[in-house]
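Residues per chain, in single letters:
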Amino acid sequence: MNVVEYNNLIDKLSLQVKSFQEGFSLLSNAATLKELGTDFCRILQGNFFIRDVNIFFKKNATHEWECIIVHNEKCMEYLPYLKATHEAHIEYFNDTEFCVTATLPLTDGAMWGLVIGNKIDKSEITEIDKITLQMFLQLLDNAYQSFINQKKEKQLIFSLNHRVVQLNSLIDTGIEISKLHKTSSLLELSLERAAALTNASRGVLRIIADDGIATEIGFPGNSDILHVLSSEQRIDTGVEFKHVKYLYSLSEKESRNGIIDFDQTDEILLQAFARQVLAALENEHLHTEAIDKERMHQEIEMAATIQRKIIPQQLPQIEDYDLAGINIPSLEIGGDYYDVTKLKDGRYLLIIADVAGKGVASGLLVNTLNASLNAYVENDFQLTEVAERLNKIIFNASTPEKYITGFIALLEPESGIIEYLNAGHNPIFYADNGKLVKLDKGGLAFGMLDFSFPYESTRIQLKPGEKILFYTDGITEAMNHDDEEYTDQRLEYFFLSENSVSAETFIENLLADIKAHTKNTPQSDDITALYLSRNK
Amino acid sequence: MSSEFTLESEIKNNCVVIITTGYINNVGGQKIVDEFYKHHSNGINNVILNLAKSNVVNSIGISFLIEIIEKLNNTNGTLIFTNLDPSIEKTFTIMGLFQFAKKADTPDEAVKLF
């Protein structure tokens, strides 16, 4: 080789190196396989002055060759020369139309096939051409690898973005369905989101109640539910709330290449959506319950307000007498009641009562007792008749387990004569000249039996310096931490020993003594007391 | 609840407006792409996709939309999404579609963006 030939060769090689660089840049930007093949075809045509460059591709050895670029149909006759080998295979021919076949196996098992026509100037393929062709095939191999990597990178980015979408949608759906009050809306939303995020073609939600009645929701709207349920490409999950089953089924996971199997992530996603619905249903239920409770609380509060109005806020002043009372209900509506009323004839009616039980029902009975008593004592009356009427009224107004014990007294202020009637109430304490007398005569509790029970009344005289304590068993049975009661004996002792104090102070001291016994133990029953003492 | 997929299209100011109804999945996506290529091969390079009646899309449907975006990018065309449901708009944002496509409230607004 002389200097000129040598320089020509250097120039040619330099051009080819430049051509390789430009070629690789071009091939690397190919967006599709066809684009890659088309660009490679142009590179070969330009570098070898050849018109017929036919390019084929197959995904793997078992696939048929796929035409990417075919300029001359006769090239198909050369397909048998495209061997499925593990290395690049090139064959050269002395033919009138085609001179080269080449097979380029790729790293992923796919392969390129080339059937190349003769040069336009009819010149033969030189050794340099052969080396150049091998280098271009290497270039194609690298470009394909780059193309695959780019595709994988795109898929990876797409997949990562899709995961973000799935997570985001899961969160958003949780928030959205918690805002929905219509249960069917949240169920539809959960189904369509679950289907979309798992790429399911279709979905169905069956809601099966305790009695076997089923409601079915399909996605998309007019989906054939049986088609979904009979599909082998299906995932299912379910939740149960208040004896109603919510069964989700998704079918036929989509891909660009057809239906594929659902994966574990899809199942986890579907379960997550179902759990969100369960949480939403539970929240909705708890919310409704809370509203109901609040409404009931308000009603009880209103009833308690009415009840408090029955208990006198201020007792009447009785000349030469000292009077004080207290009522502390253990619940919002108590079952205890006391009252002092001045009658038209100048006498005073004193009453203390205790309904068996507490709460709204007891409050209603107390109201009945109060209204009836006030009606009966408007005109002339006998205490025993009033008691009999009250017994009937309370019996008719209450359930069998409800009754009222009560102590009713009529005081003639001037004489100190007290006519009393004890209807099944605990004995009322009367200090007769320093001696304790228990007033227990009268009859059965009001409302206990439905027949005209003969009540009897008794008279005593409250003399100056003497006193009476009306009370309910909430005092004597007040418990401490050790479940020990305050007891009748302690109350008797307190009653007799607490002398020379005003009625108000007596009540205050009594409460303090009860508190000293119970300490911080929660009050278990209503505490009610009415104290009357005669000064002169 | 989404219905089965249907679409209609109209030519407006040298751009095609494709209006879809229902679930944009493999079937829906393929129909959109087919409709797009039908007009693109006739030289239409600007596309408006009105998704007012499509509020559910899966990732296969999105891959078809990306195919349209890539094709239009290579031919200096533009895709504009309109009437997007907030959840779909968020999905498209996360998937990066608005890096290469635009969005508008209505097709009339979209036409002004070409």
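See the structure shown above.
Below you will find a few notes about this structure. Predicted model only: the values in this text are computed from it and were never measured. (Residues numbered from 1 in each chain as written. Chains lettered and ligands numbered in written order. Predicted model: local features only at pLDDT ≥ 70, side-chain atom pairs only at ≥ 80, totals over all residues.)

### Observations regarding the packing of helix α7 (residues 360-376) of chain A against helix α8 (residues 383-397) of chain A
Residues and elements named next belong to chain A. What counts, and what does not: Throughout, an axis means a line fitted to C-alpha atoms (over the contacting stretch in the case of helices), and angles, computed between N-to-C directions, take values from 0 to 180 degrees. The helix and strand labels rest on DSSP assignments: H or I over at least four residues marks a helix, E over at least two residues marks a strand, and numbering proceeds from the N terminus. With respect to orientation, any angle under 35 degrees is reported as roughly parallel, any angle over 145 as roughly antiparallel, any angle of 65 to 115 as roughly perpendicular, and every other angle as oblique. By convention, the crossing between two helices is left-handed when the near helix turns anticlockwise from the far helix through less than a right angle, and right-handed when the turn is clockwise. Placing a C-beta atom from the backbone of each residue, one calls two residues in contact when those atoms lie within 7 Å.
Following both chains from N to C, one finds α7 and α8 inclined at 150°, their axes separated by 10 Å at the closest point. Viewed along their axes, α7 and α8 adopt a mutual orientation that is roughly antiparallel. At the point where α7 passes α8, the crossing takes the right-handed sense. Facing Leu 365, Thr 368, Leu 369, Ser 372, Leu 373 and Tyr 376 of α7, the residues of α8 in contact are Val 386, Arg 389, Leu 390, Ile 393, Ile 394 and Ala 397.

### Thoughts on the interface of chain B and chain A
Using the following cut-off: Residue polarity is assigned by list, with Asp, Glu, Lys and Arg as charged and Ala, Val, Leu, Ile, Met, Phe, Trp, Tyr, Cys and Pro as nonpolar; anything else, Gly included, falls into the polar class.
Each partner contributes residues to the interface: chain B has 22 residues there, and chain A has 19 residues. Elements with a minimum of two residues in the side of chain B that touches chain A: α2 (59-74) and α3 (86-95) of chain B. In terms of residue class, the side of chain B that touches chain A is made up of seven nonpolar, twelve polar and three charged.

### Let's talk about the packing of helix α2 (residues 33-48) of chain A against helix α3 (residues 127-179) of chain A
Residues and elements named next belong to chain A. Following both chains from N to C, one finds α2 and α3 inclined at 160°, their axes separated by 11 Å at the closest point. In terms of axis orientation, α2 runs roughly antiparallel to α3. Handedness of the crossing formed by α2 with α3: right-handed. Together, Leu 36, Phe 40, Ile 43, Leu 44, Asn 47 and Phe 48 of α2 and Asp 129, Thr 132, Phe 136, Leu 140, Ala 143, Tyr 144 and Phe 147 of α3 make up the contact between the two elements. Looking at the contact of α2 with α3 residue by residue, the classes come out as ten nonpolar, two polar and one charged.

### Quick notes on the nonpolar core
Residue and element names in this part refer to chain A. Formally: By definition, a nonpolar core groups buried Ala, Val, Leu, Ile, Met, Phe, Trp, Tyr and Cys residues that connect through C-beta atoms lying within 7 Å of each other. For every residue, the other C-beta atoms within 10 Å of its own C-beta are counted; 20 or more classify it as buried, 12 or fewer as exposed, and values in between as partly exposed. C-beta atoms are placed from the backbone.
Core analysis: the biggest nonpolar cluster contains 58 residues, and Leu 350, Ile 351, Leu 369, Ile 404, Leu 469 and Phe 470 have the highest contact counts within it. At seven residues, strand β13 (residues 348-355) tops the list of elements feeding residues into this core. Core analysis: the second largest hydrophobic core is formed by 57 residues, Ala 194, Leu 205, Leu 269 and Val 277 among them.

### Re the sheet that holds strand β1 (residues 53-58) of chain A
All names here are of chain A. Spelled out, the test is: What makes two strands pair is DSSP finding at least two bridges between them.
On the basis of which strands lie adjacent, the open sheet formed by five strands has the order β2-β1-β5-β4-β3 and antiparallel pairing. One side of each edge strand has no neighbouring strand; the edge strands of this open sheet are β2 (66-69) and β3 (89-92). When strand polarity is set aside, the average angle formed by the axes of neighbouring strands in this sheet is 20°. Relative to strand β5 (residues 111-117), strand β4 (residues 98-105) is paired through seven bridges, and the arrangement is antiparallel. Within the sheet, the bridge partner assigned to Thr 101 lies in β5 and is Val 115. This element, α2, spans β1, β2 and β5 of the sheet and lies at about 150° to β1.

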